[in-house]
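Each chain, written out:
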Amino acid sequence: MKRSHIAIIVTIAVAIGAIMVTINDASTYVGFAKADETPGTKYTVIGYLDKEAPMNYDARANKFEFTAIDKEGKKRTVFYSQPKPQDFERSEEITMKGYSTDSAFVAEEILMKCPSKYNEQNEVAGYGTY
Amino acid sequence: MEYVGEHLLPGQLGRLFVSLAFVGAVVAAIAYYFFIQNKQNSFKKLARVSFLVHVGSVFGIVLTLFYLLLSHYFEYDYVWKHSSMELPFKYVFSAFWEGQEGSFILWLFWHAVLGTILMFTAKKWEAPAMIVFALVQAFLASMILGIYPFGLKIGSSPFVLMRNVPENIGLPWTEVSDYLLRFPGFMDGTGLNPLLQNYWMTIHPPTLFLGFASTLVPFAFAMAALFNKDYKGWVKPAIPWAYFSVLILGVGILMGGAWAYEALSFGGFWAWDPVENSSLVPWIVMVGAAHLLLIVKNRKTGLTSAFFMTLLSFLLILYSTFLTRSGVLGDSSVHAFVDLGLSGQLLIYLLFFIVIAFGMFFYRYKGIPKSKKDDELSSREFWMFIGSLVLLIAAFQIIFSTSIPVINQLIGPEGLVPMMSDQMAPPLDAIDHYNSFQVPFSIVITLLIAFGQFLNYRHTSAKKFWKNISLSILVGAGITALFATAYDFWQEPLYLILLFTGIFATVSNIDYWLRIGRGNMSIGGASIAHVGFAMILIGSLISNAKKEVISETNVFLSEDLPSNENALLELADTVKLGQYMAIWNGMRDEDNKQFYDVTYYNQEADGSLKETFALEPFLQMSDQMGPTPNPSTKHYWDRDIYTHVTYSSYLEPRTDDGYSGEVEAEFNRGDTVIYEQHFIIMDSLQVNATMNEETGEMAFLKLTAKMRVINVLGETYEVAPQYILEGNMLSHEDVLMEQQGFKIRFSDVNTENNKIKITLWTKVPEDEKPFIVMKAIVFPLINLLWAGCILMALGTGIAIWQRVKREK
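None of these values were measured; they are calculated from a predicted model. Positions within a chain are numbered from 1, following the residues in the order the chain's sequence is written. Chains carry letters and ligands carry numbers; both start at the beginning, A for chains and 1 for ligands, and go up in the order they are written. Owing to the predicted nature of the model, reporting of local features is limited to residues with pLDDT of at least 70; listing and counting of side-chain atom pairs is limited to 80 or more, with chain, interface and lining totals taken over all residues. Think of the side-chain values as coming from all heavy atoms in the structure, minus any hydrogens and water.

1. Digging into the overall build of chain B
Helix and strand definitions follow DSSP, with helices as H or I runs of at least four residues and strands as E runs of at least two, each counted in order from the N terminus. Looking only at helices and strands, one finds 20 helices and 22 strands in chain B. Considering chain B as a whole, with its 808 residues, one finds that 56% of them fall into the buried category. Accessible surface is estimated by sampling points in the Shrake-Rupley manner with a 1.4 Å probe; for residues, cover comes only from the protein chains shown. Here chain B displays about 35100 Å² of accessible surface, and carbon together with sulfur accounts for 60% of that area. Positive and negative charge centroids in chain B, built from 55 and 71 side chains respectively, lie 24 Å apart. Remark: exposure states derive from per-residue accessible area (1.4 Å probe, protein chains only) relative to the maximum for the residue type, with buried under 20%, exposed over 50%, and partly exposed in between. The charged-residue count follows a simple rule in which Lys and Arg add positive charge and Asp and Glu add negative charge, with His and chain termini not counted at all. Charge coordinates come from a single atom per side chain, which is NZ of Lys, CZ of Arg, CG of Asp or CD of Glu.

Quick look at the structure:
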């Protein structure tokens, strides 16, 4: 067997290793119920903003607090140690990476999906005559 | 119906150019095919003319779109969405490629330029290589066709009028002939995303797209070689192009990092974002391919791998185009493009080239010459080959992790073939995940870079090798010890090893060029580029692993909350930030930007403060994005102090009479809401209404909410905010509670759920000072990274130049 063939086999082995580790490292999208089962363990939760519940950013503590509803319909208070993201109210969907605690779900990272710009044109024309 | 004020001619011209570009590319491909079949020069002539028509049309598209943008013709959807009247001229370029259509055009443009050069220089490779070029261009042109045969969407045109955009067809305003003059919203565009109003955005996209485009040239040569069954001749002309690609794509990616560092506020130059990854991966593979091509040229071995990686690099460009533009990344990236509904078309584009490239590769596989003999362990080619494999595997790891959303689409619970029970999400700590692989890979790569040049092709005598390299090992170890002590690396073995291999690679390449190679310029390019690459890695390692968030406050709100990485600065107050004392001196409003002037002081031995430097981070205000933080950085030769404002009290909505902290709550009878340590209970709703006898309409409506406010001591206050509607006039009778500092307004009625809306404010204390919340990070030795970028680009450039010169 040629040395280069051995190298290729080792490469493939490392590739398989990388796949296994990645699958292991990858989190799963869960609901708050699942995250609450093991507080402190990190999960990715997709939900949307509960627009009826109050939202509060305490600048002095740099704590943003809001209520999110996950895809299973469960509500949870969420803490986020960053200022309120722009256009947060308009978001259609919020992806939260974080962990559960007794008092709230602590989000370390938040990504939002906002409605596309297309609707703006209708809003723009909307207040003209119609 | 005649519309007023529209300029239809340039749009029609633009669409004509797009169709011509598409047809020109298709005809060129077919004509080249016939030329190969029956060798008639008339076909070659036809093919060349068609391709030139295509090139001319692409230039026409570019000029037309610029014309539309510069003329502010907002009836065009693209112009309306990506520019505005007040957009400075220098950002018109950024507006041009902000959207998907514009960036496709940019890509088409570079392919057209490179294709023309190739057409006149490729000689015997011309016909098959240009078929590949023309096919790629036909696919790209189809992405901006914007036609709808049989209800299918093919491409998205940048020349479509706003009223003809499918989403808008049938809307009432499209029936108004003078809509452009009537609605103020159409008189100006929505403007360019403020994040892109930065000089880096003027140069980064064109460089990156030239980099993307450049990978097509080696790909076309490889395809032509497989087609012609001339497996070796393509290598020589392809090498300079492969290194050109390494150079331009590398610079393009690093410019993206520089932009992120200068203008974005995630605090760093690289975040392993899927969009960044998807341009990095083809570059890594191209670096591997380029080195394999060198082996082939010098030793005639490794041809199969060279073919494979050259083909793969361009295919990865297509794959990353698919990833970033099809919307598949959705939840996992902050800056992927918006889905334009082209995912099907992009997938066909990708699959078409995967099938023909790998189809051709495996069809010809048997014919590709392979060496019988094994490379020696002491030969340069063996370790270059290993290096390429390591690069391939590093690229694979990145692209696999980035592709998790694609895996979900394929085998997730809602995917094509549901095999997994849960949706996979990207790793929670992306940076940790990628680093855990890429740090070991970097160690191997830098080690190979360090000793690779000291090996000869074929065979190296051990004695000579150790004699030559021992100096670099010693010097490298010495410098590493200094750095490790200065930046405290002794506790982290993996980082320490990378620090050593990186420094070893830097030292040995300088040594090889100046001492062994006697400063000969013909080998200098490679050495300089290797030094640059090693410095990039050392710079990233030190600036990332040893960055210090000096604004971090060790105040924990509760045990399980992360510590606060942001410091609060009240106006004119002194706050300690790491080794500095900082004072925020005030805010200046200028051109929709709020500048926050923060001065940093050093504390002298006697306790006095000495001004060291001042920074001006700003918030860019825009209707589109709201306030966007823009950092400001003090550069020292050995470290950067990076600052951005995350929040400021100027952003808080304040009423004219000095109330803030607005909260809106909905009440039904009997509902309780807790606000600022008070219970607020709604008991009943009183309705007073009078009808207009003649019209039967409501003439007067007064709603009174009877509420109780109870404080922590149990003291109860009765309040009754009112909502009054007289004819069309709406007014509120607010309740002011001086002692609590509350203002309570009955603001609205929600007719959907029959609840009433109450807005609450708190009085801002007279003596409250304005404040900002900001983040400050020290990045040590980040300049090594930028210097490394410049050296790598310079070295690669020299190497290409030397090679081209030698060939002549």
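Following the structure, the description resumes.
2. A look at the packing of helix α17 (residues 462-486) of chain B against helix α18 (residues 493-516) of chain B
Residue and element names in this part refer to chain B. To get an axis, a line is fitted to the C-alpha atoms, and for a helix only the part in contact is used. The angle between two axes follows their N-to-C directions and goes from 0 to 180 degrees. Running from N to C, α17 and α18 point in directions that differ by 135°, and their axes come no closer than 8 Å. Here α17 is positioned oblique relative to α18, judged by the angle of their axes. Where α17 crosses over α18, the handedness of that crossing is right-handed. When α17 is examined against α18, the residues Asn468, Ile469, Leu471, Ser472, Ile473, Val475, Gly476, Ala477, Ile479, Thr480, Phe483 and Ala484 are found in contact with a partner set consisting of Leu496, Leu499, Phe500, Ile503, Phe504, Val507, Ser508, Asp511, Arg515 and Ile516. Gly falls in the polar group here, along with every residue not listed as nonpolar (Ala, Val, Leu, Ile, Met, Phe, Trp, Tyr, Cys, Pro) or charged (Asp, Glu, Lys, Arg). Per-class residue counts for the contact of α17 with α18 are 15 nonpolar, five polar and two charged. An angle counts as roughly parallel when it lies under 35 degrees, as roughly antiparallel when it exceeds 145, as roughly perpendicular when it falls between 65 and 115, and as oblique in every other case. A clockwise turn of the near helix away from the far one marks a right-handed crossing, whereas an anticlockwise turn of less than a right angle marks a left-handed crossing. The criterion used for residue contact is that any of the two residues' heavy atoms lie within 4.5 Å.

3. Some points on the pairing of strand β4 (residues 63-70) of chain A
Residue and element names in this part refer to chain A. Within β4, seven of the eight residues are buried, leaving the element largely enclosed by the surrounding structure. Strands are treated as partners if at least two bridges between them are detected by DSSP. Where strand β2 (residues 42-49) meets β4, three bridges bridge the pair, whose relative direction is antiparallel. Bridge pairing links Tyr48 to Ile69 in β4. In this sheet, β4 lies alongside strand β3 (residues 56-58) in antiparallel orientation, the contact comprising three bridges. Looking at the pairing, Asn56 lines up with Glu65 of β4. Between β3 and the antiparallel strand that follows it, β4, lie four residues; Asn62 among them carries a positive phi value of about 50°.

4. A closer look at helix α2 (residues 41-71) of chain B
End to end, α2 of chain B covers 45 Å across 31 residues, agreeing with the expected 45 Å (1.5 Å per residue, within 8%). Positive phi appears at His72 of chain B, one or two residues downstream of α2 of chain B, with a value of about 55°. The length a helix should cover is 1.5 Å for every residue beyond the first.

5. What about the nonpolar core?
Counting 195 residues, the largest nonpolar core has Trp107, Phe219, Trp234, Trp283, Phe307 and Tyr349 of chain B as its most contacted members. Top element by residues in this core is helix α10 (residues 235-263) of chain B. It accounts for 17 residues. Residues grouped as a nonpolar core are buried Ala, Val, Leu, Ile, Met, Phe, Trp, Tyr and Cys residues, joined through side-chain atoms within 4.5 Å.

6. Notes on the sheet that holds strand β21 (residues 755-763) of chain B
Residues and elements named next belong to chain B. Spatial strand order, β12-β21-β20-β19: four strands in an open sheet with antiparallel pairing. Each having just a single partner strand, β12 (659-667) and β19 (735-737) make up the two edges of the open sheet. Pairs of neighbouring strands in the sheet enclose a mean axial angle of 25°, with direction left out of account. Pairing of strand β20 (residues 742-750) with β21, which is carried by eight bridges, proceeds in the antiparallel orientation.

7. Regarding the environment of Ile6 of chain A
By the element assignment, Ile6 of chain A lies in helix α1 (residues 3-25). According to the relative accessible area criterion, Ile6 of chain A is partly exposed, its value standing at 43%.

8. Observations regarding the interface of chain B and chain A
Each partner contributes residues to the interface: chain B has 71 residues there, and chain A has 56 residues. Here the buried area means the combined drop in accessible surface, using a 1.4 Å probe, for two parts upon being joined, counting both sides. Across the chain B to chain A interface the summed buried area is about 5600 Å²; carbon plus sulfur atoms make up 63%. What counts as a salt bridge is simple: a side-chain nitrogen of Lys or Arg found within 4 Å of a carboxyl oxygen of Asp or Glu. Summed over the shared surface of chain B and chain A, the number is zero salt bridges. Think of a polar contact as two N or O atoms within 3.5 Å of one another; within protein, one of them needs to be a possible hydrogen donor and the other a possible acceptor, and neighboring residues in sequence only count if both atoms come from side chains. In this assembly, chain B and chain A are joined by two residue pairs in polar contact (both at pLDDT 80 or more). Bridge analysis of strand β1 (residues 27-30) of chain A against strand β1 (residues 424-425) of chain B gives two bridges, and the strand direction is antiparallel. Residue pairing for β1 of chain B: Thr28 of chain A is matched across the bridge by Met424 of chain B.

9. Things to note about the confidence of the model for chain A
Residues and elements named next belong to chain A. pLDDT is a residue-level measure of predictor confidence that goes from 0 to 100. Per-residue confidence for chain A gives a mean pLDDT of 78, with 85% of residues at or over 70. Confidence scores differ between elements of chain A, with helix α3 (residues 118-126) showing the lowest mean pLDDT of 38 and strand β5 (residues 75-80) the highest of 90. Counting interchain partners and residues more than four positions distant, the pLDDT-below-50 stretch residues 116-130 has 31 contacts.

10. Comments concerning the confidence of the model for chain B
Put simply, chain B has an average pLDDT of 89, and 97% of its residues get 70 or more. The complex model carries a pTM of 0.88, and its ipTM stands at 0.82.

11. Observations concerning the side chain of Thr460 of chain B
All names here are of chain B. If you trace the backbone, Thr460 turns up in the loop between α16 (430-452) and α17. Using a relative accessible area of 7% as the deciding quantity, one classes Thr460 as buried. At 2.5 Å, the side chain of Thr460 and the backbone oxygen of Ser378 are in polar contact. Not counting the four nearest positions on each side in its chain, Thr460 is found in contact with Ser378, Phe454, Leu455 and Phe465.

12. A word on the domain arrangement of chain B
All names here are of chain B. Domains are outlined according to an automatic or database domain assignment. We note that the domain assignment places domain 1 (1-192), domain 2 (440-546), domain 3 (567-650 + 775-781) and domain 4 (659-763) within chain B. Taken together, the six residues of domain 2 in the interface contact five residues of domain 3. The contact between domain 2 and domain 3 buries some 440 Å² in all, and 66% of this surface belongs to carbon and sulfur atoms. Counting across the domain 2 and domain 3 interface gives zero salt bridges. Inspection of the region where domain 2 meets domain 3 yields zero residue pairs in polar contact (both at pLDDT 80 or more). Residue contributions to the side of domain 2 that touches domain 3 peak at three residues, all from helix α19 (residues 521-545).

13. Quick look at unusual backbone geometry
Residues and elements named next belong to chain B. Despite not being glycine, Arg458 has its phi angle at roughly 75°, a positive value. Secondary-structure assignment places Arg458 in the loop between α16 and α17. Relative accessible area serves as the criterion here: at 53%, Arg458 is assigned to the exposed category. A positive phi is found at Leu781, a non-glycine position, where the angle reads about 50°. By the element assignment, Leu781 lies in the loop between β22 (771-780) and α20 (782-807).

14. A word on the pairing of strand β17 (residues 722-726) of chain B
Residues and elements named next belong to chain B. Pairing analysis gives five bridges linking strand β15 (residues 698-710) to β17, with the strands arranged antiparallel. In the sheet register, Phe700 faces β17, and the bridge partner there is Glu726. Note that β17 and strand β18 (residues 729-733) share five bridges and pair antiparallel. Counted as the bridge partner of Leu725 is Leu730 from β18. Between β17 and the antiparallel strand that follows it, β18, lie two residues; Gly727 among them carries a positive phi value of about 60°.

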